[in-house]
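Observations on the model geometry
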Amino acid sequence: MSIYSLAAELGKAIKEDERMIRMEKAKAAYEADDEIFKLITEYGVQQQALSQIGDGGEIDTDAVTRIQDRLDEIYELITKNPLFVELDEAQAAVNELMATVNNTIMYNATGATNCTHDCSTCGGCH
């Protein structure tokens, strides 16, 4: 079996892993949510407004404060939304899976590992 066919098999196995399935479902739910879409859109508009405040010469510090406060509020609304929290947690689980897979491949290819001896940083090397 060639390296590329093994990589294809590994990719298929990762795609079928419960962590990847969870992340894909979480991503789809997050992207389909109208409330989050509106908040992200407003966040972009507010950022653009903030970046254009100084274009006219004088900077209106009150406007900057109001916009920054609204940006902070929107950010908090997004990041505390249960759909965002689920997506963030699911993505972290996939990142951990991928790091473990990469470490396993490197260990088997080179005999070396990226072990920090702090088991909280990986999925296990022993």
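The following refers to the structure shown. (Residues numbered from 1 in each chain as written. Predicted model: local features only at pLDDT ≥ 70, side-chain atom pairs only at ≥ 80, totals over all residues. Heavy atoms only, no water.)

**A closer look at the overall build of the chain**
For clarity, the cut-off: Counting from the N terminus, the helices are DSSP H or I runs at least four residues long and the strands are E runs at least two residues long. Only protein chains enter the accessibility calculation, which uses a 1.4 Å probe. A residue is then buried if its area is under 20% of the maximum for its type, exposed if over 50%, and partly exposed in between. In this analysis, two residues are considered to be in contact whenever any of their non-hydrogen atoms come within 4.5 Å of each other. Method for areas: the Shrake-Rupley scheme with a 1.4 Å probe, in which residue coverage is limited to the protein chains shown.
Helix and strand content of the chain: five helices and zero strands. The order of α-helices and β-strands along the chain, N terminus first, is α-α-α-α-α. Residues classed as buried in the chain amount to 21% of the 126 residues present. Intrachain contacts of the chain at a sequence separation of at least 6 include 64% that bridge at least 24 residues. For the chain, the exposed area adds up to about 9300 Å²; of that, 55% sits on carbon and sulfur atoms.

**Remarks on the packing of helix α1 (residues 3–16) against helix α2 (residues 18–32)**
Each packed pair of helices is defined by two parameters, the angle between the axes and the distance between the axes. For clarity, the threshold we go by: Each axis is a line fitted through C-alpha atoms, taken for helices only over the stretch in contact, and angles between the N-to-C directions span 0 to 180 degrees. Note on terminology: angles under 35 degrees are roughly parallel, angles over 145 are roughly antiparallel, angles of 65 to 115 are roughly perpendicular, and the others are oblique. Gly counts as polar in this scheme, as do all residues outside two lists: the nonpolar Ala, Val, Leu, Ile, Met, Phe, Trp, Tyr, Cys and Pro, and the charged Asp, Glu, Lys and Arg.
Axis separation between α1 and α2 bottoms out at 5 Å; the angle between their running directions is 60°. In this view, α1 runs oblique relative to α2, as classed from their interaxial angle. Facing I14, K15 and E16 of α1, the residues of α2 in contact are E18, M20 and I21. Residues that form the contact of α1 with α2 fall into these classes: three nonpolar, no polar and three charged.

**Examining the side chain of N81**
Here N81 is to be found in the loop between α4 (61–79) and α5 (82–110). With sequence-adjacent residues up to four places away left out, N81 is seen in contact with D33, E35 and I36.

**Considering the nonpolar core**
The condition is simple: The term nonpolar core refers to a set of buried residues drawn from Ala, Val, Leu, Ile, Met, Phe, Trp, Tyr and Cys, joined through side-chain atoms within 4.5 Å.
Counting residues in hydrophobic clusters, the biggest one holds 14 residues, and the most contacted among them are M20, M23, Y30, I78 and L87. Listing elements by their share of this core, those giving two or more residues are α2, α3 (34–52), α4 and α5. By residue number, the principal contributor to this core is α5, which donates five residues. In this structure L87 touches M23, A26, K27 and Y30, once residues within four positions along its chain are discounted.

**Brief notes about α2**
In an α-helix there are 3.6 residues to a turn, and that puts residues three or four apart on one side. What counts is decided by this rule: The span expected for a helix works out to 1.5 Å for each residue beyond the first. As used here, the arc belongs to the directions running from the helix axis to the C-beta atoms.
The end-to-end C-alpha distance of α2, which contains 15 residues, comes to 21 Å, matching closely the 21 Å that a straight helix rising 1.5 Å per residue would cover. Listed as buried for α2 are M20, M23, A26 and Y30. One side of α2 holds all its buried residues, which, seen down the axis, span an arc of 125°. In α2, the exposed positions angled more than 90 degrees off the buried face are occupied by E18, K25 and A32. Close packing links the buried residues of α2 with α1, α3, α4 and α5.

**A word on the packing of aromatic side chains**
How we decide: Only Phe, Tyr and Trp rings are paired, with Trp represented by its six-membered ring, and only when their centres lie within 6.5 Å; those with planes under 30 degrees apart are stacked, over 60 edge-to-face, the remainder tilted.
In total, this model carries one aromatic pair according to the counting rule given. For the ring pair Y30 and F84, a centre distance of 6.1 Å and an interplane angle of 55° mean the geometry is tilted. Here Y30 is found in helix α2, whereas its partner F84 is found in helix α5, with 54 residues between them in sequence. Residue classification places Y30 among the buried positions, given a relative accessible area of 16%.

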